[in-house]
Amino acid sequence: MPSAIRFVQQRPLLPIVLALVGGFLAGKIIPLRFCKRLIGWILPLVWLLLFLIGVEFGEVILSAQSVGQVVKTAVIFALLTTLVPCGLIFAAGIRSSGTAGAKAGKLGFHTIWPPLKECCIALSMVALGSALFFVNQAYLAGALWLPSSSAILLALIVLVGIDLAHVKLSSHWFSWAVLSVPVLVVIGSFVGAAAASWATGEAMRTSLALSSGFGWFTLSSVMVGHHLGQTYGTMALMTDLFRELIAIVALYAIGRYQPAIGIGSAGATALDSTLPIVKQACHPDAVPLALVSGFILTILAPVFIAFFLS
């Protein structure tokens, strides 16, 4: 096993925090034009990371019996860890400063297709990696060398830190109505994880770890996979992918009327992949809520996953 993977397995939080902080500090120092070029590498690195995840989880992904159980469990976790937080946000009556029913941009296939295309590409990269796993084992005797997914993950987190360095926050964004959304997402995710643990028979610590990605599938799949094995890494990947798909549907369905619920369902992805949907489907005043909630959950995800896996 490569030393980098052993280090991440033993101390998963330290390298991730160092990478995030280092990227944030670098983003403050590096000229903006170079930061934009570096940030442009995030998407191809995500695709490469998903490809490597597919290679590592190939045996599980292409096993009909295993993948059926994994998908079933992931759907249960995704539904419960999304619906429970949304229910708590609805019960709390939280709204953004935009008025309910405010007009949003005109929605159509051209606005729905891009995020759905990203999910399709993500699953395709995992499938291609799985195919390469079998080709490498069957025809190349395992001779093909590929970089570690842990190394790619750390590089990706550095770039995320650089990106976060240019997110401009103002004091009026930190009202209780804004901060309560990520708090309720965390609480609701853990309550949903407890229910999923009962429904699936998974251990409570494992269930809490699976619920702590908050939609950040490239992080959760690697961290969970390196600690609990390929099956659970794949389960974490699918759980958070399904959470993102549910969030896309929720934002387009109720984002203009209940933006806090839509943003809460998006979890950590409200800061990046689903942010354009928030801008399109919700009132403009909901954008600060998405940035703050997504930022907080992005910071908390590796902390909680590492805690429950330790």
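In case you missed it, the structure is sitting above this.
Draft legend 1. Local environment of the overall build of the protein chain. A tally of regular secondary structure across the protein chain gives 15 helices and 0 strands. Buried positions account for 50% of the 310 residues belonging to the protein chain. In the protein chain, of all internal contacts separated by at least 6 residues, the share reaching a separation of at least 24 is 84%.

Draft legend 2. Summary view of the packing of aromatic side chains. Taken as a whole and assessed by the stated rule, the structure comprises 6 aromatic pairs. Ring geometry for F190 and F308: centres 5.4 Å apart, planes at 85°, overall edge-to-face. Linking F190 in helix α9 (residues 176-200) with F308 in helix α15 (residues 287-309), this pair joins segments that are 118 residues apart in sequence. When the ring of F304 is compared with that of F308, the centres are 6.3 Å apart and the planes differ by 15°; the resulting orientation is stacked. Of this pair, F304 and F308 both sit in helix α15, 4 residues apart, roughly one helical turn. Residue classification places F308 among the buried positions, given a relative accessible area of 12%.

Draft legend 3. Representation of the side chain of S293. Checked against the element boundaries, S293 lands in helix α15. On the basis of relative accessible area, S293 is assigned to the buried category, the value being 0%. For S293, the contacting residues outside a window of four places in its chain are V181, P182 and I263.

Draft legend 4. Broad picture of the side chain of S221. By secondary structure assignment, the location of S221 is in helix α11 (residues 217-228). What makes S221 buried here is its relative accessible area of 0%. A polar atom in the side chain of S221 sits 2.6 Å from the backbone oxygen of F217.

Draft legend 5. Fine view of the packing of α11 against α15. The geometry of α11 relative to α15 is characterised by a closest axis approach of 11 Å and an angle of 15° between their N-to-C directions. Taken together, the axis directions place α11 and α15 in an arrangement best described as roughly parallel. Every pair of crossing elements has a handedness; the one defined by α11 and α15 is right-handed. Facing L219, S220, M223, V224, H227 and L228 of α11, the residues of α15 in contact are A301, P302, I305, A306 and L309.

Draft legend 6. Here's a closer look at the nonpolar core. L50, I89, I157 and L219 are the most contacted members of the largest nonpolar core, which totals 82 residues. When residues in this core are grouped by element, the largest group, 11 residues, is from α15.

Draft legend 7. Expanded view of helix α8 (residues 149-164). Counted at 1.5 Å a residue, the expected span for α8 with its 16 residues is 22 Å, and the 22 Å between its end C-alpha atoms agrees. The complete set of buried residues in α8 reads S149, S150, I152, L153, L156, I157, L159, V160, G161, I162 and L164.

Draft legend 8. Spotlight on unusual backbone geometry. Even without glycine at this site, F214 takes up a positive phi of about 50°. Within the secondary structure, F214 is located in the loop between α10 (204-211) and α11. Its relative accessible area of 1% is what places F214 among the buried residues.

Draft legend 9. Structural view of the packing of α11 against helix α12 (residues 230-254). The N-to-C vectors of α11 and α12 enclose an angle of 160°; their axes lie 7 Å apart at closest approach. Between α11 and α12, the interaxial angle falls into the category roughly antiparallel. Where α11 crosses over α12, the handedness of that crossing is right-handed. Residues F217, S220, S221, V224, G225 and L228 of α11 touch α12, and the partners they reach there are Q230, Y232, G233, A236, L237, D240, L241 and E244. In terms of residue class, the contact of α11 with α12 is built from 7 nonpolar, 5 polar and 2 charged.

Parameters at a glance
- Residues numbered from 1 in each chain as written.
- Predicted model: local features only at pLDDT ≥ 70, side-chain atom pairs only at ≥ 80, totals over all residues.
- Heavy atoms only, no water.
- Helix = DSSP H or I, 4+ residues; strand = E, 2+ residues; numbered from the N terminus.
- Buried < 20%, exposed > 50% of the residue type's maximum accessible area, 1.4 Å probe, protein only.
- Contact = heavy atoms within 4.5 Å.
- Phe/Tyr/Trp six-rings, centres within 6.5 Å; stacked < 30°, edge-to-face > 60°.
- Polar contact = N/O pair within 3.5 Å; in protein donor to acceptor, adjacent residues only side chain to side chain.
- Axes fitted to C-alpha atoms, helices over the stretch in contact; angles between N-to-C directions.
- Parallel < 35°, antiparallel > 145°, perpendicular 65-115°, else oblique.
- Left-handed = near helix turned anticlockwise from the far one by under 90°.
- Core = buried A, V, L, I, M, F, W, Y, C linked by side-chain atoms within 4.5 Å.
- Expected span 1.5 Å × (residues − 1).
- Nonpolar A, V, L, I, M, F, W, Y, C, P; charged D, E, K, R; others polar.

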